[in-house]
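Descriptive analysis of the structure
Listed here are the chains, written in short residue letters.
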Amino acid sequence: MTGFFSNPEAIAEDIIRDVGTNLVVGLPLGLGKANHIVNALYSRAVADRRINLTFFSALTLEKPRPSSLLEQRFIAPVVERLFGDYPDLAYADALRADALPPNIQVIEFFFLAGRWLHVPFAQQHYISANYTHVSSYILARGLNVVTQLVAKRVVDGVTRYSLSCNTDTTLDILRARAQGRASFKLVGQVNSELPFMPGAGDLPSEDFSAVLDSSSTDFPLFAPPSEPITDTKYAIGLHAASLVRDGGTLQIGIGQVGDALAQGLIFRQRDAARFLSTMTRLTPSAEQLAALETGPFDKGIYGVSEMLFEAFIGLIDAGILKREVDGVVLHGAFFLGPKSFYRALRDMTPDQIRKIQMMPVSFTNELYGEEDAKRRARLDARFVNNAMMATLMGAVISDGLENGQVVSGVGGQYNFVAQAFALSGARSMLTLEATRQSKRLQSNILWSYGHETIPRHLRDIIITEYGVADVRGKSDAEVIAAMLQVADSRFQDELARQAKDAGKLPRQFEIPPGYRENYPDRIAKALQPAREAGFLPSFPFGSDFSDVEQRLIPALQLLQDAQRSPRALLGLLWQGISRNADAADRECLVRLGLDKPATWPERAYRALVSAALARCRSE
């Protein structure tokens, strides 16, 4: 019998009364958390130390936290506009303050990238897990409650609830419950903004022990705004787009490279000749260029991806994602994106939305179960996922640092790499930027590293902005040579020396001249014609940032980079002091409250922003 509640404290009391004081609560990854119920359970456990409360979770979403005056002035209005009424998760605030009571544990298997570095409790209670193993891990821990945000629909007086954004692990543990392998309460919280997704996650009300449904607990969905796509990201995305076959299958991981890849496919579909011209400028090797896929998509592709995001809708609208498998063009396990993405899903017709089916993560990320059908469907699959670093011998680092600190998580990356080797014609494509800027410029391609996510015996395709390293089935020396060709030229000589010193590369080896120009300027020049023609916009799928904010973002990024060099910062300061802002720049200064500076720091910031705006406009 389903209980219906309008008060989160009352539903928390009902859960404790039914389950007891030892609560093992599963929270969906990301968007699907029932924040009011979670906070009510947390509050009860804080007040009553006899309650032992464990949250199992992943991707805890938090509002952006500005760290400087400029960030505060830029981000604060955006946060208020996009997240103003989003209820913060109380356990996250306590974790950050190192104030979690001893009777409460928070255990996660995936972090929002970089957000929980150097937070001891979070780091110590992280579980390293493949996404497909999570359901078995939490069931083994005695899971007795699952709380989930749901969409609601009433047809002919019958109420149904959709798991919507998070069918991923919930459907897998519901199957375990149906088979008698688990016993837990499924508790829903209705959200009016959540799209009602048909398919396996469309459940009758009797599947729920309790439902929280009240206008007072309705809230705007967490909607991170799209970020502008840089030349580096576009170059990576275009290289990946040139490896996707018409009639094939596509999975895309979290991050901006996914947007760049999708827009690259759309570029290829709309103007194959210009796409080929762009790839000719990006690709130093005629042999590699000849092997690329650059034509339009006549058959179309089929999507099967643990994560759905707005770019997939762009691919559907462009007539690219159209190859159907059992009437479906896109299978996914969870989604997250900007407000326009949720709105697009809500506004779809029944025929349109039926072609997007949310499934358990065991379906999207594995071949086991209905394996013959999956093999027939996943033709020429391309699994595209992001990495942080790679070694010259093809090992990839995506989730953590060599000192043990976890940056994000393994998630589904290993699952998709394994699929790429299990499926005929499939490839795993791991993408990374060739360099990163911290206190100094560093290469993301290294001789060795003390941690790895994907071992080198599963090396396949590694992509940087400088090209594609196809390293599947190659010898160590061949792999090293291929990796050097996609490394930044400022680091190639030292990397080659390390490989030669280790006896893994012949002493007489030389990097071919065509790969000796791996510099950011070459990438920018190669992309400039397509940028100017409008094929590679900074925000290809729209933006929640205003026009003024969109102009400010690259200027603020330039300032952030300049802070690492006192000389560069002083140069900007002098340039800003000696120039007069035009009308467009004044709009930006007004947006930051720097149009009428009242203090010396504000005057300095005004000069720096003014100079950065001018510099961005000239580049």
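Summary of the structure given here. (Residues numbered from 1 in each chain as written. Predicted model: local features only at pLDDT ≥ 70, side-chain atom pairs only at ≥ 80, totals over all residues. Heavy atoms only, no water.)

Looking at the overall build of the chain
Per the secondary structure count, the chain includes 24 helices and 22 strands. For a compact globule of 619 residues, the expected C-alpha radius of gyration is about 25 Å, and the chain comes in at 25 Å, within 12% of that figure. Considered along the principal axes of its C-alpha atoms, the chain spans approximately 70 × 70 × 50 Å. Expressed as a percentage of the 619 residues in the chain, the buried residues total 57%. Taking contacts inside the chain between residues at least 6 apart in sequence as the whole, the part at least 24 apart equals 76%. Per element, the accessible surface of the chain, about 25,400 Å² overall, is 50% carbon and sulfur. With 66 positive and 69 negative side-chain charges, the chain shows a separation of 3 Å between the mean positions of the two kinds. (Helix = DSSP H or I, 4+ residues; strand = E, 2+ residues; numbered from the N terminus. Rg over C-alpha atoms; globule rule 2.2 N^0.38 Å. Buried < 20%, exposed > 50% of the residue type's maximum accessible area, 1.4 Å probe, protein only. Contact = heavy atoms within 4.5 Å. Areas by Shrake-Rupley, 256 points an atom, 1.4 Å probe, with all protein chains shown as cover. Lys, Arg positive; Asp, Glu negative; His and termini not counted. Charge placed at Lys NZ, Arg CZ, Asp CG, Glu CD.)

Side note on the pattern of salt bridges
According to the stated counting rule, one finds 36 salt bridges in the structure shown. For D93, the salt bridge is made with R65, and the minimal N-O distance between the two is 3.4 Å. Separated by 28 residues along the polypeptide, D93 in helix α4 (residues 90-96) and R65 in the loop between β3 (52-57) and α3 (69-83) bring together distant segments of the chain. With relative accessibility at 47%, the residue R65 sits in the partly exposed group. (Salt bridge = Lys/Arg side-chain N within 4 Å of Asp/Glu carboxyl O.)

Some words on the pairing of strand β5 (residues 145-155)
Regular strands place side chains that alternate from one sheet face to the opposite one. Bridge analysis of strand β2 (residues 22-26) against β5 gives 2 bridges, and the strand direction is parallel. When the bridges of β5 are listed, G26 appears paired with V146. One ladder, built from 5 bridges, connects β5 with strand β6 (residues 158-162); its direction is antiparallel. From the neighbouring strand, R153 faces β6, where its bridge partner is R160. Connecting β5 to the next strand, β6, in antiparallel fashion are 2 residues, including D156 with a positive phi near 55 degrees. (Pairing = 2+ DSSP bridges.)

Considering empty space enclosed by the protein
A full pass over the atoms with the stated rule returns 3 cavities of 30 Å³ or more. Of the volumes computed, that of the largest cavity is approximately 200 Å³. Taken together, 21 residues make up the lining of the largest cavity; nearest its centre are L27, F56, F109, V134 and I138. Contributing elements (two or more residues each) for the lining of the largest cavity: β3, β4 (104-108), α6 (134-140), β5 and α7 (170-178). (1 Å grid on protein atoms, 1.4 Å probe; cavity = no way out; pocket = protein on both sides within 12 Å on 5 of 7 lines; lining within 4 Å. Points joined across faces, edges and corners; volume = space filled by probe spheres on them.)

Looking at unusual backbone geometry
In this structure, D98 is a non-glycine residue whose phi angle is positive, near 55 degrees. Position of D98 among the secondary structure elements: in the loop between α4 and β4. Looking at D98, the relative accessible area reads 68%, which means it is exposed. The backbone phi angle of D380 is positive, close to 40 degrees, even though this residue is not glycine. Tracing the sequence through the fold places D380 in the loop between α16 (371-377) and β14 (381-386). Here D380 falls in the partly exposed class, since its relative accessible area comes to 22%.

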